[in-house]
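Listed below are the residues making up each chain.
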Amino acid sequence: MRHIQRRIALLALPALVGSILVATGPAGADPTGPSAATSRSQPEDRESVRLVQIRLTGADMLDKVAAAGFDLEHGLRRVPTGIEGEAVVTAEQVTELTAMGVEVLADDAGFAWSDQADGGIGIGVDAAGARAVQPSNHQATVRIARADWFTTKGQGFLYVEARTTEGQQADPIVGMQVENDSGKGTPFGFARTMSRFVDSGQYMFHRNLFKLDTRPTRIQVTSSTGGVTTGVVSNWLENAPPPLTANPSYKSDFVDGYKHPQQLYSRAKEIARQYPDIAEIVYLPNQTNGYQRKAQAQLGGTGQAAVVVTSAAWGHEGGNDITVEFVDRPDANLPLAVEVTGKAVRVLLATDAAGAPASTATQVADALRTRSAGLIDRAHPYRTNEGSGIVAPTAGPVALTDFLDQKRVGAPEGEVPRGPATIPVLRIGKHRDGKKPGVLIQAQDHAREWVPATTSLESAERLVHNYRSDRETKKIVENTDIFFILSNNPDGANYSFYNFASQRKNMTNHCPDASADPAQRNSWGVDLNRNYRVGSGHDGYAGGSTNCVSGTYQGPEELSEPESKNIIWLVEKYSNIKFMMSVHSNGGQLFWQPGAYIADGRITTPRPPLGDEAFYWQSAARILSQVKAHRETVVTPENVGGSSDVLYSSAGNVREDLYYTYGIYAFGWEVGGSVYNPATGNWQGGSFQPEWTGNPELVSGHAETMEYANGIMEMFRVAADWGKDKKDPTSQLVPGGGRYSEPVDVRFETSEPATIYYTTDGSRPTLESPRYAATEFREPGQVFHVTETTTFRWFSVDSAGNIEKNYDPTKTDKRNNYRTATITIAKK
């Protein structure tokens, strides 16, 4: 069986606490007034804000910016000097970003690959001469990780990723250039400089992506210090088999627009009713905290006399009926008092010897909390104010509101059900007895990401509508057990549809008084994909925030939220779940582990064994080939791999927990992203909520839904094939055992993605033996430089748990049918 995946022991570090920089807002139901000295403005007035491109040095700076309350709208991507993205900001906030060390870019000044050959780095005579005396593999200073050819919409591209052992050197920085041939037997030429990528101060690799009209067969990479190597160009997403939709009788295109959670859940239940032989509903046990808010009012502006009031009851359960009034009285030396009549709360302000109001904001807040007959739950000065100002009378009663009736422009018709929600899981499979490999599709952890929900629903519709008429679909349904969570964040998603389109998190307000005024309501909630247990921000990993108004707020503790608890419940109850896809938007990436790192030193969670890494890549190529088949959208190789390498560190994400704790192959998918535009010759990005029809060849919610549903369908086929895989892998040592006159370089090769366990000390290999590893992340297996006679003993295990030659590494028997090879180095 497959080797046991154990939850990793993670290094605990002190929490990285960001300063609380909070939003100002209006007084009363619509607070206005000057900002408190320690706060800053949020972009409430959409006329005063603009979209700017920014560049950050890495995940550590990204954490600081997010913790300060900035919403990085979309389009985050790795660039040579860190991470670029976009932010919606005011002119004042541009100044704040600059003060934090963020580089605010001019329009269209973001990183872009150059398509032109530039002569490279000026390799001189010394370096050229070094090519003839290049050291053997174990000493090589330059290695090629990937060289991929792909085409999209009539244009060819070559992507190259290489690494130099001198890459961390900063003075001088080691440059690299790539040259390509123009086909078999042609010379190298067209030298191009490669970009050096650094994250959080650590060298990662050199890369280049450029257009070519003719497919090359080989490349040559040279460093400025004389290292040189050559490599073969491989195809990326070329010559893929036709998608299921190529069958003329295949039914697709079921989703006709964006769907809010009520529509998604209703359709899931209807599918279960329509197709009871292959579908059912599983209800998750932990209800969400609900599309609901306490009613609030902010009285007295934002200065020292301001008071923020929050009801004890939810707005829809009576909080919205409460009024609060601050009342002046004509007599002198009167004490502070509170009168409650029904839902009307009157604060009778104290007076001094002259008969003037004498109650401070702190005193009024204390009285409201303790003497409001239980109507008021929280009352406090504004944000970090001391509340020392004298409270002024109000013009009359001020009504509290939960603000949920304030619908955004373009919101759907109708009302949202208030209160906690029970999330239904649509389970599809002919044999739902736990014996078939399970696949979990989880959409919309992040509320504003609407396309993942429609993509997942489209995939479910294709399964049930084609089960009886399409042979390949029938194989999927009969050989897998599929679980769809069409929206894992219904509260936040409803808030995004009806109130604030850019809502990312759920609606749970864990904020202390300093961040609990109504102007900050759009920043409350927990980022569900930062709330898990492995590689958590609570253990010092980057990418999760302790600031409750940050877009990446990780929650007060691991698994604090019902939505994340539900995922753990599901995979523990249905232990046959072996695959998982967490569907997001809109970066155009497909990734897996490692997904988090400690910024100081860029220490990642453990990288998957080489066999798992190879299986991820193999599966990704299958999935993305089917995406490409719809309209030639290509997810480029730079956007595939471990998510901390592809994008940034995301502490406490769900993929990390499911892979390391339960051994589930857990993918993260950022649908959407850049599409090549042949009219302009550029790559064009998308958004979280692209126009549904849009441009079907470029940015379109409908087109993204259809093409990425192709990919999800292929993931089901990957799982079905995995479940039926009973064939043992084979492996070999290359160049193999034998007698050699001098030291030799050897490596392992396998017939399929498989992990190799080996020994060189004469002992029998077991699951505790050393694992054959990659040379470096995103690279092939390591090379052993053998200088004396050595015997290798090994066996391989594929992704499905099949062991080479049916060897049992847990027992000692007489057969000892592991593999063996002896490298004999002749003595001179």
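Residues numbered from 1 in each chain as written. Predicted model: local features only at pLDDT ≥ 70, side-chain atom pairs only at ≥ 80, totals over all residues. Heavy atoms only, no water.

Colleague: Can you tell me about unusual backbone geometry, naming the residues and giving the values?
Modeller: With an omega of 10°, the peptide bond running from Ser 585 to Asn 586 counts as cis. Checked against the element boundaries, Asn 586 lands in strand β25 (residues 577–592). Looking along the chain, the bond that leaves Gln 593 and enters Pro 594 is cis, with omega of 0°. In this fold, Pro 594 is placed in the loop between β25 and β26 (597–598). Despite not being glycine, Gln 444 has its phi angle at roughly 60°, a positive value. With respect to the element layout, Gln 444 can be found in the loop between β23 (438–443) and α6 (451–466). In this structure, Asn 806 is a non-glycine residue whose phi angle is positive, near 55°. (Helix = DSSP H or I, 4+ residues; strand = E, 2+ residues; numbered from the N terminus.)

Colleague: Go over the packing of aromatic side chains, please, and point to the residues and values.
Modeller: All chains considered together, the criterion is met by 36 aromatic pairs. For the ring pair Tyr 616 and Tyr 659, a centre distance of 6.2 Å and an interplane angle of 50° mean the geometry is tilted. One end of the pair, Tyr 616, is in helix α10 (residues 610–631); the other, Tyr 659, is in helix α12 (residues 654–662), with 43 residues separating them in the sequence. Owing to a relative accessible area of 0%, Tyr 616 belongs among the buried residues under this scheme. Its relative accessible area of 1% is what places Tyr 659 among the buried residues. Each residue in the set Trp 236, Phe 579, Trp 592, Phe 615, Tyr 616, Trp 617, Tyr 659, Tyr 660, Tyr 665, Phe 667 and Trp 722 is aromatic and connected to the rest through ring pairs, giving one cluster. Sitting over the face of the ring of Trp 314, Lys 294 holds its NZ or CZ atom 5.0 Å from the ring centroid. (Phe/Tyr/Trp six-rings, centres within 6.5 Å; stacked < 30°, edge-to-face > 60°. Buried < 20%, exposed > 50% of the residue type's maximum accessible area, 1.4 Å probe, protein only. Lys NZ or Arg CZ within 6 Å of the ring centre and 35° of its normal.)

Colleague: Before we move on, can you summarise the nonpolar core with the specific residues and values?
Modeller: Across soluble globular proteins, nonpolar side chains have a tendency to be buried as a group. Ranked by size, the top nonpolar core spans 104 residues in total, and within it Phe 484, Trp 669 and Phe 716 carry the most contacts. The greatest single-element share of this core, amounting to eight residues, is contributed by helix α13 (residues 701–724). Not counting chain neighbours up to four residues away, the residues in contact with Phe 484 comprise Pro 424, Val 425, Leu 426, Ile 428, Ile 441, Ser 456, Ser 459, Ala 460, Leu 463 and Phe 716. Listed in part, the 25 residues of the second largest apolar core include Val 338, Val 347, Ala 367 and Leu 400. (Core = buried A, V, L, I, M, F, W, Y, C linked by side-chain atoms within 4.5 Å. Contact = heavy atoms within 4.5 Å.)

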